[in-house]
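# Commentary on secondary and tertiary structure
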Number of protein chains: 2
Amino acid sequence: MANKNVILGIDPGTRITGYGLIDSDSHPVDFGCIRPPPKLILADRYKIIFESLEALIERYQPIAIAVESQFVLKNVQSAIKLGMAKGMVLLAAARKSIPVYEFAPKKAKLAVVGHGGASKFQVQKMIQALLRLPNPPEPEDAADALALAICCAHHLRSPCTSPLKAC
Amino acid sequence: MANKNVILGIDPGTRITGYGLIDSDSHPVDFGCIRPPPKLILADRYKIIFESLEALIERYQPIAIAVESQFVLKNVQSAIKLGMAKGMVLLAAARKSIPVYEFAPKKAKLAVVGHGGASKFQVQKMIQALLRLPNPPEPEDAADALALAICCAHHLRSPCTSPLKAC
């Protein structure tokens, strides 16, 4: 099932990778998360993340992929693990020649809630309202991914926006 | 050209990914580095790293892949970029069901030079001697990758070594 002008937002993580897709009319297309079994060795978990992203791209054929540009992390080891998960996103995108856009978390919140300091719950409630969902999107990783997709859609629509930083 | 019991050491990096292969008799098989053109966007650089690793694995069919477990990095953004490059290694390995072993940098230096605080130059000189190379291996990323392969070979040979941490 290919959709026109679908944007895929991704919130990568080794435990949970959230994803959210919206179309050009800002209707929700799909959202959810990839949860590789935690008992698997890391390499096999990244393989599952990569192949699940490939399957999403194959199914929905997005015109753009949005990810976060900045992360708040406890230490270097957490940053490397996050980087490994984010690397799966960039590789899956590059293999299909889909541009990747990066947004600071504040920018994604600004696009959805109207201010950059919004709480996770405020983001979930506003996405529910904007996308007319029956419930706030769960888990929060999927909500964050939808926020990135909405933010990316705003920017791609705006003719006076300066070019986005593509990864 | 498939070699028996070849071990592939990799020193991942977004700018330069060093690789080094040795066989079960600790003879050098190949070494060098992957340098994606720096003018490319990040996603395309990781694609080149991933596909170059896939080609190395296809060519030499290693029984094990060795990478560093710890990295000294300036900041979170550097750690995420390093993680993305390391993610390419883990994915390429997982897609061919090749086990990945992680070693602390000190352990790799210990295996090659005899003490964990060796300089880059000492590592290069000792690898030249151990592998009977005409010159010290260049660049240092390739030398580091060969050191990881040598370290991994020592551990796989030793029956009394406790099981290694596989990624």
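Bear in mind that the values here come from a model prediction, so they are computed numbers and not experimental data.

### Observations regarding the overall build of chain A
Helix and strand content of chain A: 5 helices and 5 strands. For chain A, whose C-alpha radius of gyration is 15 Å, the value lies close to the compact-globule estimate of 15 Å for 167 residues. Once the C-alpha set of chain A is aligned to its principal axes, its extents read approximately 40 × 35 × 35 Å. Out of the 167 residues belonging to chain A, those deemed buried represent 51%. Within chain A, counting contacts between residues at least 6 apart in sequence, those at least 24 apart form 60% of the total. A total of about 7700 Å² of accessible surface is found on chain A, and carbon and sulfur atoms cover 53% of it. Computing the positive centroid from 20 side-chain charges and the negative centroid from 14, chain A places the two 4 Å apart.

### Description of the packing of helix 3 (residues 105–113) of chain A against helix 5 (residues 140–157) of chain A
All names here are of chain A. One can describe the packing of helix 3 onto helix 5 by two numbers: an axis separation of 8 Å at closest approach and a directional angle of 80°. For the element pair helix 3 / helix 5, the angle class is roughly perpendicular. Facing helix 3, whose interface residues are Lys107, Ala108, Ala111 and Val112, helix 5 presents Ala147, Leu148, Ile150, Cys151, His154 and His155. For the contact of helix 3 with helix 5, the class distribution of residues is 7 nonpolar, 2 polar and 1 charged.

### Thoughts on the interface of chain B and chain A
Reports of interface size often rely on the accessible area that becomes lost once the parts have come together. Listed by partner, the interface residues are 28 residues for chain B and 28 residues for chain A. Around 2300 Å² of area is buried between chain B and chain A when both sides are counted, 73% of it from carbon and sulfur atoms. Considering only the side of chain B, the residues that lose the most area to chain A are Ile80(B), Leu91(B) and Arg95(B), jointly responsible for 22% of the buried surface there. When the shortest N-O distance is used, the salt bridge between Glu54(B) and Arg95(A) registers 3.9 Å. The tally of links between chain B and chain A comes to 4 residue pairs in polar contact (both at pLDDT 80 or more). Breaking the side of chain B that touches chain A down by element, the ones donating at least two residues are helix 1 (42–60) and helix 2 (76–95) of chain B.

### Comments concerning the relation of the copies chain B and chain A
Put simply, the two copies of the chain differ by a rotation about an axis and a shift along that axis. Of the transformation superimposing chain B on chain A, the axial component is 0.0 Å and the angular component is 180°, with the fit at an RMSD of 0.0 Å. A rotation of that kind, with that shift, is consistent with a two-fold axis. A share of 100% of interface residues in chain B that are also interface residues in chain A marks the association as one of identical surfaces.

### Description of helix 2 (residues 76–95) of chain A
All names here are of chain A. Taking 1.5 Å as the rise per residue, helix 2 with 20 residues should run 28 Å; its terminal C-alpha atoms sit 28 Å apart, in good agreement. Of all the 20 residues making up helix 2, 15 are buried; the element is thus mostly covered by neighbouring parts of the structure. Two or three places before glutamine 77, at the start of helix 2, stands the capping residue asparagine 75, its side-chain oxygen 3.1 Å from that residue's backbone nitrogen. Looking at the residues trailing helix 2, positive phi occurs at serine 97, about 55°.

### Examining the packing of aromatic side chains
Applying the stated criterion to the full structure yields 1 aromatic pair over all chains. When the centroid spacing of 6.3 Å and the interplanar angle of 40° are considered together, the rings of Phe50(A) and Phe50(B) count as tilted. Here Phe50(B) lies in helix 1 and Phe50(A) lies in helix 1 (residues 42–60), a pairing that spans two chains. Classification of Phe50(A) as buried rests on a relative accessible area of 0%.

### Concerning the sheet that holds strand 2 (residues 17–22) of chain B
Backbone hydrogen bonds hold the strands of a sheet together, and the pairing may be parallel or antiparallel. All names here are of chain B. Strand order across the open sheet formed by 5 strands is 3-2-1-4-5, with mixed pairing between neighbours. Since the sheet does not close on itself, it has two edges, and those belong to strand 3 (28–34) and strand 5 (100–103), each with one partner. Direction aside, the axes of adjacent strands within the sheet are offset by 20° on average. In this fold helix 2 packs onto strand 1 (7–11), strand 4 (64–68) and strand 5, with an angle of close to 165° to the strand it touches most, strand 4.

### Some points on the pairing of strand 1 of chain B
All names here are of chain B. Across the 5 residues of strand 1, 5 count as buried, placing the element largely inside the fold. Of the two faces of strand 1, the one lined by Ile7, Gly9 and Asp11 and the one lined by Leu8 and Ile10 are each fully buried. One ladder, built from 5 bridges, connects strand 1 with strand 2; its direction is antiparallel. Bridging across to strand 2, isoleucine 7 finds its partner in isoleucine 22. Turn length for the strand 1-strand 2 hairpin, with the two strands adjacent in sequence and antiparallel, is 5 residues. Sheet topology note: the strand 1/strand 4 ladder contains 3 bridges and is parallel. Paired with glycine 9 across the two strands is alanine 66, which belongs to strand 4.

### Topic: the pattern of salt bridges
A side chain with one charge can pair with a side chain of the opposite charge if their charged atoms come near. One pass over the full model with this rule turns up 14 salt bridges over all chains. The residue Lys120(A) makes a salt bridge to Asp144(A) at a minimum N-O spacing of 2.6 Å. Here Asp144(A) lies in helix 5 and Lys120(A) lies in helix 4 (residues 120–130), a separation of 24 residues in the sequence. On the accessibility criterion, Asp144(A) (13% relative accessible area) is buried. Ionic contacts of the salt-bridge type, sharing partners, join the residues Lys47(A), Glu51(A), Glu54(A) and Arg95(B) into one network.

Definitions and limits used
Residues numbered from 1 in each chain as written. Chains lettered and ligands numbered in written order. Predicted model: local features only at pLDDT ≥ 70, side-chain atom pairs only at ≥ 80, totals over all residues. Heavy atoms only, no water. Helix = DSSP H or I, 4+ residues; strand = E, 2+ residues; numbered from the N terminus. Rg over C-alpha atoms; globule rule 2.2 N^0.38 Å. Buried < 20%, exposed > 50% of the residue type's maximum accessible area, 1.4 Å probe, protein only. Contact = heavy atoms within 4.5 Å. Areas by Shrake-Rupley, 256 points an atom, 1.4 Å probe, with all protein chains shown as cover. Lys, Arg positive; Asp, Glu negative; His and termini not counted. Charge placed at Lys NZ, Arg CZ, Asp CG, Glu CD. Axes fitted to C-alpha atoms, helices over the stretch in contact; angles between N-to-C directions. Parallel < 35°, antiparallel > 145°, perpendicular 65-115°, else oblique. Nonpolar A, V, L, I, M, F, W, Y, C, P; charged D, E, K, R; others polar. Buried area = accessible area lost by both parts, 1.4 Å probe. Salt bridge = Lys/Arg side-chain N within 4 Å of Asp/Glu carboxyl O. Polar contact = N/O pair within 3.5 Å; in protein donor to acceptor, adjacent residues only side chain to side chain. Least-squares fit on C-alpha atoms with pLDDT ≥ 70 in both. Expected span 1.5 Å × (residues − 1). Phe/Tyr/Trp six-rings, centres within 6.5 Å; stacked < 30°, edge-to-face > 60°. Pairing = 2+ DSSP bridges.

Scope: geometric values only; no functional claims are made or implied.
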